[in-house]
Amino acid sequence: MYDHQEHNDELKELLEKGFESIDEDIDESTPSLQWFEQLVEEKQVELKARFKLDLTIFLLLACCILTVLTITLFQMPILFLLLQVTIFVGASIFTGISYKKKVKRI
Amino acid sequence: MKERDLIKGAKKGNHEAFAILFKEHYPFLVKYLMKVTMNRDQAEELAQDTMAKCVEKIHQYNGKSKFSSWLISIATNRYIDLQRKKKREQNWQNEEENFRKLKWEMESRNEEWNDVLAALSTLSEDIRLPIILKHYYGYSYEEIGQMTEVPPGTVKSRVHHGIIRLRKELKIDV
């Protein structure tokens, strides 16, 4: 146990010495506060734009799906039922495949 | 301003709080990424990418771990994602190139390309990464497992085998 700890300390010391030359240079090259502010602002603008786009796509899709379902429910009930069954089967297969892939990756 | 207040401000979207937080942690983050990638350009690029991800995910930070540890987790995941995207063969060639470039950069600054860096450069990234996190930054196997999305047992075995190889390269008694 003591030996193991000693070996670890020795390795840590070696790594510290080895990395010294890499670390020295980086402290001097940190960008200014303005650079970081600009980076954050740009990212925030990008996130807002992406959120707006996602929301618009979501609302449009929701409207389309609701319209199709309402029309089929009142005009073609058989097609409505068929759609429901197809969506349920499709969703089950998709979930199954995703789960299998996840298990395989682990 | 304390780090906790800065994080609070950042969660509210205050870009000044974000900037101060990032400026404080930037050297730590780039140093870590330099050790992992062995390439300055890639380390700086990944640091920017990590900070951008942090702006996006700041509401998920729960304060249980240090902010710097959380940044390292994000950086590690970004690095792993990047590596996955590249083809294995091409990746190996890139790593070789990275080491040569870093060696050249250090030699041109009259700094020594030491044995430890040379030994680390012989290890693949999936072994080098946990060794640095464990033996340089002092994270536990569980924490490294969470960061790299690998079971702690696998991390332990990679570190163990990596150290044996490192000791052999450095000619230290096992």
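Going along each chain's sequence as written, the residues are numbered from 1 onward. Chain labels run from A onward and ligand labels from 1 onward, assigned in the order the entries are written. pLDDT decides what is reported in this predicted model: residues at 70 or higher carry local features, side-chain atom pairs at 80 or more are listed and counted, and totals for whole chains, interfaces and linings draw on all residues regardless.

This entry defines residue contacts through backbone-placed C-beta atoms, with two residues in contact when those atoms are within 7 Å. Each partner contributes to the interface: chain B provides 29 residues, whereas chain A provides 23 residues. Numbered from the N terminus, helices here are DSSP runs of H or I no shorter than four residues, and strands are runs of E no shorter than two. Those elements that provide at least two residues to the side of chain B that touches chain A are α2 (15–37), α3 (40–57), α6 (115–120) and α9 (152–170) of chain B. When residues of the side of chain B that touches chain A are assigned to their parent elements, the largest contribution, 13 residues, is made by α2(B). In this classification, the charged set is Asp, Glu, Lys and Arg, the nonpolar set is Ala, Val, Leu, Ile, Met, Phe, Trp, Tyr, Cys and Pro, and all remaining amino acids, among them Gly, are polar. Broken down by class, the residue content of the side of chain B that touches chain A amounts to 17 nonpolar, 5 polar and 7 charged.

Glancing now at the domain arrangement of chain B. Residues and elements named next belong to chain B. Just so you know, the domain bounds were taken from an automatic or database domain assignment. Once the domains are mapped, chain B shows domain 1 (1–92) and domain 2 (114–174). Between the C-alpha centres of domain 1 and domain 2 the distance comes to 21 Å. The interface of domain 1 with domain 2 comprises 8 residues on the first partner and 6 residues on the second. Looking at the side of domain 1 that touches domain 2, the elements with two or more residues in it are α2 and α4 (67–85). It is α4 that provides the largest number of residues to the side of domain 1 that touches domain 2, a total of 5 residues. The residue inventory of the side of domain 1 that touches domain 2, partitioned by class, reads 4 nonpolar, 3 polar and 1 charged.

Here we come to the environment of A:Val68. Residues and elements named next belong to chain A. By the secondary structure assignment, Val-68 is in helix α2 (residues 33–75). Partly exposed residues are those falling between the two cut-offs: more than 12 but fewer than 20 other C-beta atoms within 10 Å of their own, whereas 20 or more means buried and 12 or fewer means exposed, with C-beta atoms placed from the backbone. Using a count of 13 C-beta atoms within 10 Å as the deciding quantity, one classes Val-68 as partly exposed. Once the C-alpha coordinates of Val-68 and Phe-80 are considered, the two residues, 12 residues apart in sequence, prove to be 9.0 Å apart.

This paragraph deals with the nonpolar core. Residue and element names in this part refer to chain B. Core analysis: the largest hydrophobic core is formed by 51 residues, its most contacted members being Phe-18, Leu-29, Leu-33, Ala-47 and Ala-75. With 13 residues, α2 is the single largest residue contributor to this core. Here this core spans two domains, since at least three of its residues come from each of domain 1 (1–92) and domain 2 (114–174). Ignoring any residue separated from it by four or fewer positions in sequence, one finds Ala-47 in contact with Tyr-26, Leu-29, Val-30 and Leu-33. To count as a nonpolar core, a set of buried Ala, Val, Leu, Ile, Met, Phe, Trp, Tyr and Cys residues must be joined through C-beta atoms within 7 Å.

Below, the discussion takes up the packing of α2(B) against α4(B). Residue and element names in this part refer to chain B. Axis definition: a line fit to C-alpha positions, over the contact stretch in the case of helices; interaxial angles, taken between N-to-C directions, run 0 to 180 degrees. Where α2 contacts α4, the axes come no closer than 10 Å and their chain directions differ by 35 degrees. Between α2 and α4 lies a crossing of right-handed hand. Side by side, α2 and α4 meet where His-25, Phe-28, Leu-29, Tyr-32, Leu-33, Val-36 and Thr-37 of the first sit next to Phe-67, Ser-68, Leu-71, Ile-72, Ala-75 and Tyr-79 of the second. Among the residues forming the contact of α2 with α4, the class breakdown is 10 nonpolar, 3 polar and no charged. When the near helix sits turned anticlockwise from the far one by under a right angle, the crossing is termed left-handed; a clockwise turn instead gives a right-handed crossing.

Attention shifts here to α2(B). Residues and elements named next belong to chain B. Taking 1.5 Å of rise per residue, 23 residues should cover 33 Å, yet α2 covers just 29 Å from first to last C-alpha, more than 12% shy of that figure. At His-25, α2 shows its maximal bend, which comes to roughly 45 degrees, and the proline Pro-27 appears one to four places after that position. Met-38 sits one or two positions beyond α2 and adopts a positive phi of about 60 degrees. Helices are assigned an expected span. That span is 1.5 Å times one less than the residue count. Two axes enter the bend calculation: one fitted to the seven residues ending at the residue in question, the other to the seven starting there, and the bend is the angle between them.

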